[in-house]
Amino acid sequence: MDRNVTTADDVLALMDGLFAPAADRWTAGGASWWDDFYADRSKTVPFFVEKPDESLDGYLRQGVITPGRALDLGCGPGRNALHLASLGFDVDAVDLSREAIAWARERAESTGVHGVRFHRGDAFALTAAGAALAGPYDLIHDSGCFHHLPPHRRISYLALLERCLAPGGHFTLTCFAAGEGGMGSELPDAELYRTGGLQGGLAYSPEALRHVFSGLTEIELRRMNDEAPESPLFGKPFLWTAHFRAPTRG
């Protein structure tokens, strides 16, 4: 008889198990899926390009966000982490995939960009209280991680932000957009548990994002610019880009 659920973490882990193994792309158990995904670097995947998010670059170039300590969640091949480091940030970059981290390190070596520490593993574990990546960070950037979380793991995600984001710190996000021209599943949260899958990622409306991150101050929330292939920046209009700021304390 199994009666070992006694904490909130036990409940979250139990709910993780309600999804089919192939849907698990957010825990350490999902690492092999992402390794397979990143193994073929020749695939036509928009974010395989060596370009930073146009939104993030804009905030930096305009001086809205200034260099400091940064955390890149779901860094993939390191395109945003390396851009941040090239502009003077001290960066910790996290991804589940060994293949993605290896690719990111190769890019760092080939470009001569220093100032990024790449970490392979579960972002929730790596940023736990007392862990090396617990912060505080002046900037937390997420380009494509949040929309792969099941609904109950938003709790873990908000706890990560509360734990790791410095007072007055910046949180920037790129995720699937609901609505015309968007991408991702628009199924209600409850239906996802009935089907046991995330349909490749969850779409969000502006209202949903504002609700989830209501504890932060919204600076900007818009569709991402559609960047041309020759542009030095990454941008696809099926994504939202958002900028929030943590409250100051004291």
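Below is a short write-up of the structure. (Residues numbered from 1 in each chain as written. Predicted model: local features only at pLDDT ≥ 70, side-chain atom pairs only at ≥ 80, totals over all residues. Heavy atoms only, no water.)

As for unusual backbone geometry
And step 1. Note that the residue after G135, namely P136, is joined by a cis bond; omega there is 5°.
And step 2. Backbone geometry at Q199 places phi at a positive 55°, although glycine is not the residue there.
And step 3. Among the secondary structure elements, Q199 is positioned in the loop between α8 (189–195) and α9 (206–212).
And step 4. By relative accessible area, which is 49% here, Q199 ends up partly exposed. (Helix = DSSP H or I, 4+ residues; strand = E, 2+ residues; numbered from the N terminus. Buried < 20%, exposed > 50% of the residue type's maximum accessible area, 1.4 Å probe, protein only.)

Details of the layout of surface pockets
And step 1. In this structure, the largest pocket spans a volume of roughly 730 Å³.
And step 2. Of all the secondary-structure elements, those providing two or more residues to the lining of the largest pocket are α2 (31–39), β1 (69–73), α4 (79–86), β2 (90–95), α6 (123–126), α7 (153–164) and β5 (165–176).
And step 3. Sort the elements by how many residues they give to the lining of the largest pocket and α2 lands first, with four residues.
And step 4. Residues of the lining of the largest pocket, tallied by class, amount to 24 nonpolar, eleven polar and five charged.
And step 5. In this model, the second largest pocket occupies a volume close to 250 Å³.
And step 6. Around the second largest pocket, the lining is made up of 13 residues, and of these D9, L12, F124, R153 and S156 lie nearest the centre.
And step 7. Elements supplying a minimum of two residues to the lining of the second largest pocket: α1 (8–16) and α7.
And step 8. Here the lining of the second largest pocket is built from residues that sort into six nonpolar, two polar and five charged. (1 Å grid on protein atoms, 1.4 Å probe; cavity = no way out; pocket = protein on both sides within 12 Å on 5 of 7 lines; lining within 4 Å. Points joined across faces, edges and corners; volume = space filled by probe spheres on them. Nonpolar A, V, L, I, M, F, W, Y, C, P; charged D, E, K, R; others polar.)

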